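Next come the chains, spelled out residue by residue.
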Amino acid sequence: MLGLAAIGLATASATVWRPADGVVADAADPGVSTLLVTAPGVLELVDPHVTIEASRPDGGKVVLAIGREVDVTGWVGEDAHAVVTGLASWESLATSFVEGETEPVEPTEDADADEADGTAAGDTTASGPSGIVGPDPYASDMWLARAEGEGSAQLEWTTPEAGRYLLLAASVGEDAPPPVVTLSWPREVATPLLVPGVAVGSVLLLVAAVLGLLELRRSRRAAAAPVVTGAVPVHPVEGQPALTRSALRTARSTPSSASATAASAPTSATPAVTPAQAPGWHRVDLVPGASGDDRAPTFRGTPRGAPAGTGSPSAARTSGATSSPTAVPGPTATSSPTTPAPEPAPMSRRELRERAEREAALRAQERTRNRRWHRKGDRGASAPSAASGSLSAASTESAATPVVPGVAHPVQPPFAPAAQGTADAAEPARADAWRKAWGFDTSWTPQGPGAPRGEGQDDATSTDAGDQR
Amino acid sequence: MTDTRPVRSRSRAVLGLTLGALVLAGCAEPLPVPDPAPAPVLAQPVVDVAQEDSILDAVGQALENAAEDPAALEGRLSGPALVIRTSELAVAAETDSADLLTALPTEAESVVITTDQDWPRISYAISVQPDLQTQRLLVLEQSSARANYKLWGWVRLFPAIELERFTDASVGSSQVAADSDALVMTPQEAIERYADVLTKGGESDYAEQFPDDVFRQQMAEISRLQNEALAPADGRQTMTFTPVEGSVRAISTANGGALVVGEMTALEDRTAEEGATISPASAVERALLAGKTVENSMSIGYTSTVAIYLPPAGSDDQPAVVGVEHVATSADVPG
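Residues numbered from 1 in each chain as written. Chains lettered and ligands numbered in written order. Predicted model: local features only at pLDDT ≥ 70, side-chain atom pairs only at ≥ 80, totals over all residues. Heavy atoms only, no water.

## Regarding the overall build of chain A
- Each helix and strand counted, chain A has eleven helices and 13 strands in total.
- Among the 469 residues that make up chain A, the fraction classed as buried is 51%.
- Here the analysis covers contacts within chain A between residues at least 6 apart in sequence; of these, 74% occur between residues at least 24 apart.
- For chain A, the computed accessible surface area is about 20400 Å², with 58% contributed by carbon and sulfur atoms. (Helix = DSSP H or I, 4+ residues; strand = E, 2+ residues; numbered from the N terminus. Buried < 20%, exposed > 50% of the residue type's maximum accessible area, 1.4 Å probe, protein only. Contact = heavy atoms within 4.5 Å. Areas by Shrake-Rupley, 256 points an atom, 1.4 Å probe, with all protein chains shown as cover.)

Structure representation (structure tokens):
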């Protein structure tokens, strides 16, 4: 990008050429004429201001004169002369030759040369024995500007807006070679690409800078929550950063479902599950989107989750709860309530194992589901996947999606109390939730309909379901 | 994404370079082609006022240096002006007095510039007033492209005369041909008729066509005096004016008329009876006759220029003579 910008600027600057332009014209073959005239319009060809130089190799008198077209043409009359018709290139003039009708005559003894052919009453045009005698235009009253010199002459002229003006250059004297005339104009180089080039270049630079900043920010964010590739089967849906291994460990270890997966509820809406519904389970302040580790960089400072797999599952749970796998830049700036909530009763190893298995199963299903449906902006949906595969209730956000409720774990709260109770109680409750999600008769229970389950559980479930749906 | 980035930037660089090269190649400016202003529809003045002033300066220089450099005079004077001035200089040298030289200021009060592009080109200049004398009307002429403007002639304008106005010098006036029919009479006719009037006085056929003017009165007076002086010697004096062919120049005035300037020669014959002696009447004549023995007759040649205003054809106005220059330039004795 920067390269493009540089190219744009370079192109623009490359079009700035030298300011002055000089063109040189050589007159016709020597000995043929001593006069050179410019065609109308040549003097102002590049710029109204022109610097004229005439020179002759043998150092004789050279005369430059500028006059009106009629005057110059009249003065030249029938004499042979070269005519500058325009530019042959930026460095040379185009000339043509006009044959004259002047006939060289033998020089006569008497000074009266008026009878010479082709000459008017002027008395300076006669031919010498070995060539042409160049007439001298310097003294004429008709010129608007004139200059003369030995060997070379210089003249500066600005063409008025109206009128046609010609230059007359003459080598004066016997055997005068044709004058060599140089016309120089100050050249205003049109650089049509300069402004657009610079504009485009600066725009590109700005874009590059902005993109660079964004990249930087993104990389920083990524640094805070480095993408874990490979091992962790995390589906980065909806911009959710992958979980760190510790977070995953934490999530795995904790009864995520029971934990404040709700807490892991994505930033935006509060997860349906609130700690209130999980009485006694954890008094962690389930601030939606409470940060944990793996949170957006804003939550860098948050403790990196509870010591995974430690002997304090509750602590882990808490941290796990607080961990919000949502990648969404935590809108809720509240740092995770690092203070571990009062620990719920430690779970038995069996419970932990079962929970782990359930988690794995759920995770697999979640992954499948997530791959099938991409719910844009539904960070809540991503939460479940991130949340160690737990189906966070937060994902219930989008009640519209039928999957959500399924993904959601409305029954989580019920698990909480169930967790308090026996693991067995929790199991059928979960199964029931699954059944509901898939459209089965929810009333069915292994024990039969109307199993004496905690009212609260059902209510919670129905409530959740209702909320979700 | 990370892998493709360098590749993309490389290809972009190549693309950019290609574009740049193309742009550079294509942005070479085309050669300009001469595009002169179109030839003007209206004829333009052949010289501008600045040029005219410099011409007049050059003429003035030539006149000033004439005493030391008579050859320079020929570069800036021609026609009757050259003749008159040369004669005056000779007389001045002879009489050791510059008083007889006609005062010719070349500072112009106004100039009249023509638009005719062909040669010969003419312009008028009305000079400022020299001390205690009337203004001069200077006639400048460029006979060909390679010649310079020269003072062809001048007239001393009559006192208290009001010249008909000309078009402004920046616009230019047109020249009038000697045989133009756009005036009450052709310029050539005007000069011829006036010469006749001067010669014959009141008996001329054209006496009524020209109102009385100062010069005519002067001539009449001189003739009377001369004849009176020669009468006792049974002498006569005659003055014959003859127009010079091809000397008529005319520039049109703003109202369609023209100011015509023409050259005449005059011959004054003074004869007395045998045995009488007549003497030159003026220092000029004396100078012209230096080295000659005057007996009973002499003839003096004059070079004259006259300026006549001719109204446009169909006008009720009469032509008016506005100025004359009449200088004795030669003298001879018969035998």
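## Observations regarding the overall build of chain B
- Each helix and strand counted, chain B has seven helices and ten strands in total.
- Looking at chain B residue by residue over its 335 residues, the buried ones come to 46%.
- Long-range contacts, defined as pairs at least 24 residues apart, comprise 63% of the intrachain contacts of chain B with a sequence gap of at least 6.
- About 16300 Å² of surface is accessible on chain B, with carbon and sulfur atoms providing 52% of the total.

## Focus on helix α2 (residues 69–76) of chain A
- For α2 of chain A, every residue scored as buried is listed here: D71, V72, W75 and V76 of chain A. End-on, the buried residues of α2 of chain A take up no more than an arc of 125°, which puts them together on one face.
- Structurally, α2 of chain A contributes buried residues whose contacts are with β2 (35–38), β4 (61–68), β5 (81–89) and β11 (165–171) of chain A together with β2 (121–127) of chain B.
- Residue G77 of chain A follows α2 of chain A closely and has a positive phi angle near 65°. (Arc of directions from axis to C-beta.)

## A few points about the pattern of salt bridges
- On inspection of all chains with the given rule, the structure shows 20 salt bridges over all chains.
- A salt bridge links R164 of chain A to E69 of chain A; its shortest N-O distance comes to 2.6 Å. Of this pair, R164 of chain A sits in the loop between β10 (152–158) and β11 while E69 of chain A sits in helix α2, placing them 95 residues apart in sequence.
- Two residues, D141 of chain A and R76 of chain B, come together in a salt bridge whose shortest N-O distance is 2.9 Å. On the criterion of chain membership, the pair formed by D141 of chain A in the loop between β8 (131–134) and β9 (145–150) and R76 of chain B in helix α3 (residues 70–76) is interchain, its members lying in two chains.
- Judged by relative accessible area, which is 12%, R76 of chain B ranks as buried.
- Shared partners join several salt bridges into a network, and the residues in it are R68 and D71 of chain A together with D48 and R121 of chain B. (Salt bridge = Lys/Arg side-chain N within 4 Å of Asp/Glu carboxyl O.)

## A closer look at a negative patch on the surface
- Residues D53, D57, E107 and E109 of chain B make up a contiguous surface patch of negative charge.
- On the secondary structure map, D57 of chain B appears in helix α2 (residues 49–64). (Patch = residues over 30% accessible without salt bridge, like charges linked within 9 Å, V, L, I, M, F, W, Y side chains within 5 Å. Lys, Arg positive; Asp, Glu negative; His and termini not counted. Charge placed at Lys NZ, Arg CZ, Asp CG, Glu CD.)

## Concerning the pairing of strand β9 (residues 297–310) of chain B
All names here are of chain B.
- Among the 14 residues that make up β9, 14 are buried, leaving the element largely enclosed by the rest of the structure.
- A two-sided burial pattern is seen for β9, the buried positions comprising S297, S299, G301, T303, T305, A307 and Y309 on one face and M298, I300, Y302, S304, V306, I308 and L310 on the other.
- Sheet analysis places β9 next to strand β10 (residues 320–332), joined by eleven bridges and oriented antiparallel. By the bridge assignment for β10, I300 is matched with A331. (Pairing = 2+ DSSP bridges.)

## Points about the environment of M239 of chain B
- The topology assignment puts M239 of chain B in strand β6 (residues 236–243).
- Linking M239 of chain B and R270 of chain B, residues 31 residues apart in sequence, is a C-alpha distance of 8.9 Å.

## Some details on unusual backbone geometry
Residue and element names in this part refer to chain B.
- Of note, the bond from W119 into P120 is cis; its omega dihedral lies within 30 degrees of zero at 0°.
- Looking at the element boundaries, P120 is found in the loop between β1 (108–113) and β2.
- For L132, which is not glycine, the phi dihedral falls at a positive 60°.
- Note that L132 resides in the loop between β2 and β3 (136–142).
- One non-glycine residue, D234, adopts positive backbone phi at about 55°.
- Exposure remark for D234: the relative accessible area of 59% places this residue in the exposed category.

## Focus: the nonpolar core
- Ranked by internal contacts, the top residues of the largest apolar core, which has 42 residues, are Y194, F215, F241, M264, V306, I308 and V321 of chain B.
- Among the elements of the structure, α5 (187–200), α6 (214–230), β6, β8 (258–271), α7 (283–288), β9 and β10 of chain B are those that each provide at least two residues to this core.
- Beyond its immediate stretch of four places on either side in the chain, F215 of chain B contacts F158, Y194, L198, F241, V324 and H326 of chain B.
- Counting 28 residues, the second-largest nonpolar core is a separate cluster that includes V50, I52, A153 and L167 of chain A. (Core = buried A, V, L, I, M, F, W, Y, C linked by side-chain atoms within 4.5 Å.)

## A short note on the pairing of β3 of chain B
Residue and element names in this part refer to chain B.
- The element β3 is extensively covered by neighbouring structure, given that seven of its seven residues are classed as buried.
- Burial along β3 is two-sided: R136, L138, L140 and Q142 facing one way and L137, V139 and E141 facing the other are all buried.
- As paired elements, β2 and β3 share six bridges and run antiparallel to each other. Counterpart to R121 in the pairing with β3 is Q142.
- Strand direction decides the pairing type here: β3 and strand β4 (residues 149–157), joined by seven bridges, are antiparallel. Within β4, the position partnered with L140 by the bridge is L151.

## Some words on the packing of α5 of chain B against α6 of chain B
Residue and element names in this part refer to chain B.
- Where α5 meets α6, the closest approach of the two axes is 9 Å, and the angle between their N-to-C directions is 30°. Relative to α6, α5 is oriented roughly parallel. When α5 is examined against α6, the residues Y194, V197 and L198 are found in contact with a partner set consisting of F215, R216 and M219.
- Its residues placed into classes, the contact of α5 with α6 shows five nonpolar, no polar and one charged. (Axes fitted to C-alpha atoms, helices over the stretch in contact; angles between N-to-C directions. Parallel < 35°, antiparallel > 145°, perpendicular 65-115°, else oblique. Nonpolar A, V, L, I, M, F, W, Y, C, P; charged D, E, K, R; others polar.)

## Some thoughts on helix α4 (residues 79–95) of chain B
Residue and element names in this part refer to chain B.
- Here α4 contains 17 residues, and its C-alpha end-to-end distance of 24 Å stays within 8% of the 24 Å for a straight helix at 1.5 Å per residue.
- Residues P80, A81, I84, R85, S87, E88, L89, V91 and A92 constitute the buried set of α4.
- Backbone geometry just downstream of α4 places D96 in the positive-phi region, at approximately 55°. (Expected span 1.5 Å × (residues − 1).)

## A few points about a nonpolar patch on the surface
- Side chains of V203, V207, V210, L211 and L214 of chain A sit close together on the surface and give an oily, nonpolar patch of about 370 Å² of accessible area.
- Here V207 of chain A shows up in helix α3 (residues 194–224).

## Looking at the environment of L42 of chain B
- Within the fold, L42 of chain B resides in the loop between α1 (4–26) and α2.
- It is 8.9 Å that separates the C-alpha atoms of L42 of chain B and T115 of chain B, two residues lying 73 residues apart in sequence.

## A few points about the side chain of R270 of chain B
- Here R270 of chain B lies in strand β8.
- By relative accessible area, which is 4% here, R270 of chain B ends up buried.

## Thoughts on the confidence of the model for chain B
- Per-residue pLDDT for chain B averages 88, and the proportion of residues at 70 or more is 94%.
- For this predicted complex, the interface confidence score (ipTM) comes to 0.84, while the overall pTM stands at 0.62. (pLDDT = per-residue confidence, 0-100.)

## A look at the confidence of the model for chain A
All names here are of chain A.
- With 38% of its residues at a pLDDT of 70 or more, chain A has an overall mean of 62.
- Summarising per-element confidence for chain A, the mean pLDDT is lowest in strand β7 (residues 127–128) (34) and highest in β4 (94).
- Confidence over residues 236–242 falls short of pLDDT 50; this stretch has 28 contacts with residues more than four positions distant or in other chains.
- Scored below 50 in pLDDT, residues 256–343 makes 234 contacts in the model with residues more than four places away or belonging to other chains.

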